[in-house]
Amino acid sequence: MSIKQNSQFTFKYNKKLGRHGWLRLTPAYSVKMVEQILDNLDYSPACVFEPFSGTGTTELVCANKGITSFAYDINPFLVWLASVKTKKYTDDQISNFNNARYEIAEKVVDAKEYTYPNIYNIERWWHHNQLSFLARLKTCIWSIEDDETRDLLKIALCKTLIALSNAAFNHVSTSFKDSEDDNSFTDETGIECFQSACNVLLMSLQEQPVADAKIYLNNSMSIRNNDRQTFDTLITSPPYPNRISYIRELRPYMYWLGYLTTSEDASDLDWNTIGGTWGSATSKLATWVKRTDLIPNYLFDIAKNISEADNKSASLMANYVLKYFDDIAEHIQSAYDSILPGGTVHYIVGNSNFYGNTVPSEKLYVDILQSVGFTDAKYEIVRKRNCNKALYEFWISAKKPRTK
């Protein structure tokens with residue numbers, strides 16, 4: 001049977017779906033995937049938990065369906081983004097946002113510039129005229145006192161700064177367009193781009209979520225005591241074991257909004273995130289020590305083969321694979337201890353390949369789920385990923401037995 005790429009299960013499906021399309025994040029899964037999981041449940045979930053919130057897809061789907069949910073993310077920018085996306089806005093708040101965007105358009109020409117964010121080689125991202133406009137736009141937005149209005153304007157700023165940038169995110173390494181001057185760019189061009197972003201937000205605010213969603217800044221490897229035994233369903237798509245930085249596409253937003261100030265901040269966040277090592281975080285793999293005894297034995301054989309590859313980073317990548325599944329195992333143990341009996345867990349995750357050695361994420365997840373006590377653990381292929389003919393995305397599910 002031929003397995004298709006099924007782009008409707010990726011971030012591409014979300015781009016024109018109201019709030020889901022506010023900001024792109026390539027690793028995000030689609031609204032359709034979450035809806036399919038919910039539709040296949042043989043019970044009505046009382047509360048859904050999303051331990052790797054990302055852009056808030058699961059929470060927003062649940063909120064629109066009238067299902068209460070809560071979520072974790074280790075990235076403060078994503079916690080903020082998902083909170084703004086899932087919030088219920090009053091008519092007055094929407095009107096305030098609409099009025100503020102016109103006031104800003106009038107003031108931005110004469111506004112003073114904010115200091116540019118500390119992004120390495122920033123003029124590769126934006127030329128001088130674009131940078132000047134964005135810095136003045138930020139000055140105007142930061143002067144708004146109302147929290148809800150300012151938050152929505154920040155989303156519009158994020159959309160604008162990406163629309164005006166030279167960056168492309170169609171590869172693991174961010175690439176940049178060849179463009180030497182920006183003499184054609186004017187403030188009027190920037191204002192038009194900003195107003196277009198605001199229009200998108202206003203259209204998406206015409207419908208409001210039905211249920212509440214709460215997003216917390218928390219590491220998903222440990223579920224907080226006051227959240228235990230409150231959820232009966234877990235739906236998530238963790239970072240994949242592919243060493244891609246969890247915050248790669250988010251850096252411009254995070255620097256402009258003040259969530260990052262140095263490259264060390266980014267590396268520290270990557271190190272503490274399941275699945276992400278980039279920059280100086282990679283060197284920490286040399287001294288990594290496992291925390292659980294839940295890693296299946298055959299993974300150590302795979303890691304040994306990876307470490308023996310003819311590559312200077314081979315031993316670090318072997319440790320990376322072990323660290324990823326040790327972290328995931330710690331999270332799964334915490335999920336089992338916390339979810340209500342009879343509840344189900346659902347993970348959308350891909351496999352990976354290092355120097356010709358396949359890491360079977362689907363089998364490893366199933367084995368770890370079973371080892372901590374979940375039953376009916378299984379997986380099915382969702383789609384073929386376009387980056388490598390041997391890479392797929394899987395829907396992995398399991399159930400916590402009811403107490404006798």
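Residues numbered from 1 in each chain as written. Predicted model: local features only at pLDDT ≥ 70, side-chain atom pairs only at ≥ 80, totals over all residues. Heavy atoms only, no water.

**Considering the pattern of salt bridges**
Phase 1: Evaluation of the coordinates by the stated rule reveals 14 salt bridges.
Phase 2: Where Asp227 meets Arg224, a salt bridge forms, and the shortest distance between an N and an O atom there is 3.0 Å.
Phase 3: A relative accessible area of 26% means that Arg224 is categorised as partly exposed.
Phase 4: One salt-bridge network, in which partners are shared between bridges, spans Arg291, Lys323, Asp327 and Glu330. (Salt bridge = Lys/Arg side-chain N within 4 Å of Asp/Glu carboxyl O. Buried < 20%, exposed > 50% of the residue type's maximum accessible area, 1.4 Å probe, protein only.)

**Some remarks on the packing of aromatic side chains**
Phase 1: All chains considered together, the criterion is met by 19 aromatic pairs.
Phase 2: A centroid spacing of 5.7 Å and a plane angle of 20° characterise the contact between Phe77 and Tyr253, whose relative ring orientation is stacked. In this pair, Phe77 is assigned in helix 3 (residues 76–85) and Tyr253 in helix 9 (residues 251–256), connecting sequence segments 176 residues apart. In terms of burial, Phe77 and Tyr253 fall into one category: buried.
Phase 3: A connected cluster of aromatic rings, assembled from ring pairs, spans Phe49, Phe70, Tyr72, Tyr216 and Phe231.
Phase 4: Across the ring face of Tyr216, the terminal group of Arg224 is positioned such that the distance to the ring centre comes to 4.1 Å.
Phase 5: Cation over ring: Lys400 sits above Tyr336, and NZ or CZ is 4.8 Å from the ring centre. (Phe/Tyr/Trp six-rings, centres within 6.5 Å; stacked < 30°, edge-to-face > 60°. Helix = DSSP H or I, 4+ residues; strand = E, 2+ residues; numbered from the N terminus. Lys NZ or Arg CZ within 6 Å of the ring centre and 35° of its normal.)

**Description of empty space enclosed by the protein**
Phase 1: Scanning all chains against the criterion turns up one cavity of 30 Å³ or more.
Phase 2: Together, 13 residues line the largest cavity, and Phe52, Ile74, Ser220, Thr273 and Ile274 are the ones closest to its centre.
Phase 3: Among the residues making up the lining of the largest cavity, the classes are represented as seven nonpolar, five polar and one charged. (1 Å grid on protein atoms, 1.4 Å probe; cavity = no way out; pocket = protein on both sides within 12 Å on 5 of 7 lines; lining within 4 Å. Points joined across faces, edges and corners; volume = space filled by probe spheres on them. Nonpolar A, V, L, I, M, F, W, Y, C, P; charged D, E, K, R; others polar.)

Just geometry here; none of it tells us what the structure is for.
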